[in-house]
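# Close look at the chain arrangement
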Amino acid sequence: MPILVPDINLRIIAPALIVTVTAIVVLLGELVTPAERKRWLGYLSIAGLVVAAFAAFSLWGANASGFSGMVVADNFGLFLTLTIALSAALSILLSIPFIHAHEIDQGEYYVLLLASVAGMIVMATATDLIVIFLGLELLSLPLYILAAFQREDTRSLEAGIKYFLLGAFSSAFFLYGIALVFGATGTTNLAKIAASLAQSAGSPMLSIGVGLLMVGFAFKVALVPFHWWTPDVYDGAPTTVTAFMSVAVKAAAFGAFFRTFQFALPALALDWRAVAAVLAVLTMTLGNVAALLQSNVKRMLAYSSIAHAGYILIALVAMSANGLSSALFYLLAYTVTNLGAFGAVIALSDGARERLEIKDFAGAAREHPLVALALTICLLSLAGFPPFAGFVGKFLIFGAAVETGWAWLAVIGVLNSLVSVYFYLRPVVQMYMSEPAEGWSGIRVAPLVALALLIAVISVIALGVFPAPAIALAAGGLIR
Amino acid sequence: MPIDYLPILVMVVVVVAFAAIALTLSSLTGPRHPTAAKLEPYESGMPPFGSARRRISIKYYLTAVLFILFDIEIIFFYPWAVLFRQLKLFGLVEMGVFVLILLIGYVYVWRKGGFNWD
Amino acid sequence: MSLLVFYLFAAIAVLAALGMVVLRNPVHSALSLALVFVSLAAMYVLLSAPFIAVAQVMIYAGAILILFVFVIMLLSPGTDQGVGALKAQRGLAILFGAALLVLLIAVLGGAVLPPTRGTFTPEAIAAEGDTQAVGALLFTNFLLPFEITSILLLVAIVGVIVLAKKRQSISKQ
């Protein structure tokens, strides 16, 4: 067999490539940067992300695939790429002062975060199960390490080891699923799987393979009943890492989830749509009910992120063009909103001492009116109040579900949103209605945190008041 | 073809049989007069001290994991070496990129003192 | 003949796997696992996939098992801590494990595999060589996954240093 040089089209993978090169440069920079200048590595990382975002913009509408059909630069993947790059840049803005205050300011932090971003971009643009798996591993492995980055804190270590064990477990499920799907169809390429299934009927082996793939994805996006790791990991990991992984992992993993199921497996839609609908109901309900019981903000936001994964899953059940674009918009809206909420929590912390109990927020509105306002806006957006981004996202997703005959699912989603209002408003009530607790005076919000918070809140309001441009961008995101 | 690996199978059978026969015969035929000194583990003539089951230093972990990572790297060289001539310059470049990335990891470990036993 | 060899190694693999789970001493478990790995390598040879067999011996029996033994030594062997907490789950675990086993046997045992698809029939592999076939694909169509792997290894290297290296010596260097 003659060996042919494959089609190497570096332009298609330019965003992931730029992020990877930035990570390597930062790694080498870490070796020569003195301890007091580590923050420059953070700025360098943000610069790399901005360049990668521009590369993604320049590819808009290119709709080209490369590397023998392994990756594609379609608008769906590019929209997710931009979302991921935005979330990473905001997270790094929050991280620079945070890791300095916690005395973990090492260049490796940014290296691992950027490597994870590269994995996410690969996963969101991959069109082959092997590449999706490698993207999944490349996004997960740095996050396991980042979760345990506060090595002196046993809770951080616990978060790292829990995330690692359950993540490895879910990877095994995913890999087994790939093997069975390969056995049934003879290929790992998504387009070829779809073509193969269009010709021949499914088999039990294929069904089990698809089920195992779903378990793998469900672990990563934290769907009930595969969510057990989420509260402990989100609680124990450094707050900035929690902020990053609560949004970016969802964007990447849901991207591959949609691409695999909606694009490659429509032949089995009758089966997996029913399963996904059940999972969506369980996830929304359990996430919101458990969030009601939390007294710690990080755990509350962890359960809230589980609930939001349930809402996004409704868009997959809808399995339509509108479902796809609504999921993209929702992921973007959720990204800026949740980062804003975490940013506000970080802004209210006092150096290395964090305020994570809801009762600690008492009286924050008097001492830090602007931060309290930002947190309020973000929490209202998470709850789905107009005129914020979260409202538009929920509106679009529930609309897509009603259009395709899943009105009952939309009703359950709306009911869940109502439940969620209660726990999202609890910190707000504490901040505005209670007397200030001790120790509020003299806390300065770091300028970078303030900047990230400002960007997030402006985005939340802009996406809520003028959603049309973002919806138009998301609507162009058909999977190729 | 699997048949080419028959010698290895024969070797495995011979090794297992030899070990089994040697142990069985010596335990059946040899005289047995156990004394305390005879039952001690043999440690190159030194009197044994302490338990063999003590916890070893966590520093070995670093060495072990680094070994595994570079070992995994090697498995990719194997098919590359087989196809080296057919892959021509292109193959050299792609393996060069692969090695360069890992070389950066090597430099990083070195500069961080990962190979020091402090 | 090859069927006979298959059953021999299949029996060894199953027994060793059982031993790995049942044996009390973690070092004995690790040694049983080594036996499982080697038996699997023999099966790969029987399947005309010697490259996978070599990878199995090099990576699993050679490297991963060594790490297992290292970790056992790091955790001071002979102590059986932490099992008590899992006792409550034992019944459920057996139930679900058995259910999964029945499902897999029912599905895979009765599955009619599709007729060979793609270009790599046993004859084609025999003509070209298994390692050559793997390499030809790995370095052309699967070039991107191959390079991603190197980044993955780099991340793992960084992770080892971040998590296991003393931090004082990091900042000093």
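Note that the structure is predicted; figures quoted are calculated from it, not measured.

## So, the packing of helix H3 (residues 59–111) of chain B against helix H7 (residues 143–164) of chain C
For the pair H3(B) and H7(C), interaxial distance at closest approach is 7 Å and the crossing angle is 165°. As judged from the angle between their axes, H3(B) and H7(C) are roughly antiparallel. For the element pair H3(B) and H7(C), the recorded crossing hand is left-handed.

## As for helix H2 (residues 26–46) of chain C
Compared with the 30 Å implied by 1.5 Å per residue over 21 residues, the 30 Å span of H2(C) between its first and last C-alpha is a close match. Listed as buried for H2(C) are Ala30(C), Leu33(C), Ala34(C), Val36(C), Val38(C), Ser39(C), Leu40(C), Ala41(C), Ala42(C) and Val45(C).

## Looking at the interface of chain C and chain B
In this assembly, 46 residues from chain C lie in contact with 44 residues from chain B. Listing elements by their share of the side of chain C that touches chain B, those giving two or more residues are helix H1 (2–22), H2, helix H3 (50–74), helix H6 (130–138), H7 and helix H8 (167–172) of chain C. Across the side of chain C that touches chain B, the residue classes break down as 33 nonpolar, 11 polar and two charged.

## Describing the interface of chain A and chain C
Listed by partner, the interface residues are 34 residues for chain A and 26 residues for chain C. Looking at the side of chain A that touches chain C, the element that brings in the most residues is helix H5 (residues 129–147) of chain A, giving eight residues. In terms of residue class, the side of chain A that touches chain C is built from 26 nonpolar, five polar and three charged.

## Comments concerning the confidence of the model for chain C
Low-pLDDT portions of the prediction should not be read for the details of their coordinates. Residue and element names in this part refer to chain C. For chain C, the average pLDDT comes to 82, and 84% of its residues sit at 70 or higher. Between the elements of chain C, mean pLDDT differs from a low of 49, seen in H8, to a high of 92, seen in H7. Predicted confidence is poor over residues 169–173, with pLDDT under 50, and the contacts of this stretch with residues over four places away or in other chains come to eight contacts. Across the assembled chains, the prediction reports ipTM 0.92 with pTM 0.91.

## Let's talk about the packing of helix H9 (residues 229–236) of chain A against helix H12 (residues 297–318) of chain A
Helix packing geometry: the angle between the two helix axes and the distance between the axes. All names here are of chain A. Running from amino to carboxyl end, H9 crosses H12 at an angle of 140°, the nearest separation of the two axes being 8 Å. In this view, H9 runs oblique relative to H12, as classed from their interaxial angle. With respect to the hand of their crossing, H9 and H12 are arranged in right-handed fashion. Mapping the contact onto sequence places Thr-230, Pro-231, Tyr-234 and Asp-235 in H9 and Lys-298, Arg-299, Leu-301, Ala-302, Tyr-303 and Ile-306 in H12.

What counts as what
- Residues numbered from 1 in each chain as written.
- Chains lettered and ligands numbered in written order.
- Predicted model: local features only at pLDDT ≥ 70, side-chain atom pairs only at ≥ 80, totals over all residues.
- Axes fitted to C-alpha atoms, helices over the stretch in contact; angles between N-to-C directions.
- Helix = DSSP H or I, 4+ residues; strand = E, 2+ residues; numbered from the N terminus.
- Parallel < 35°, antiparallel > 145°, perpendicular 65-115°, else oblique.
- Left-handed = near helix turned anticlockwise from the far one by under 90°.
- Expected span 1.5 Å × (residues − 1).
- Buried ≥ 20, exposed ≤ 12 C-beta atoms within 10 Å, placed from the backbone.
- Contact = placed C-beta atoms within 7 Å.
- Nonpolar A, V, L, I, M, F, W, Y, C, P; charged D, E, K, R; others polar.
- pLDDT = per-residue confidence, 0-100.

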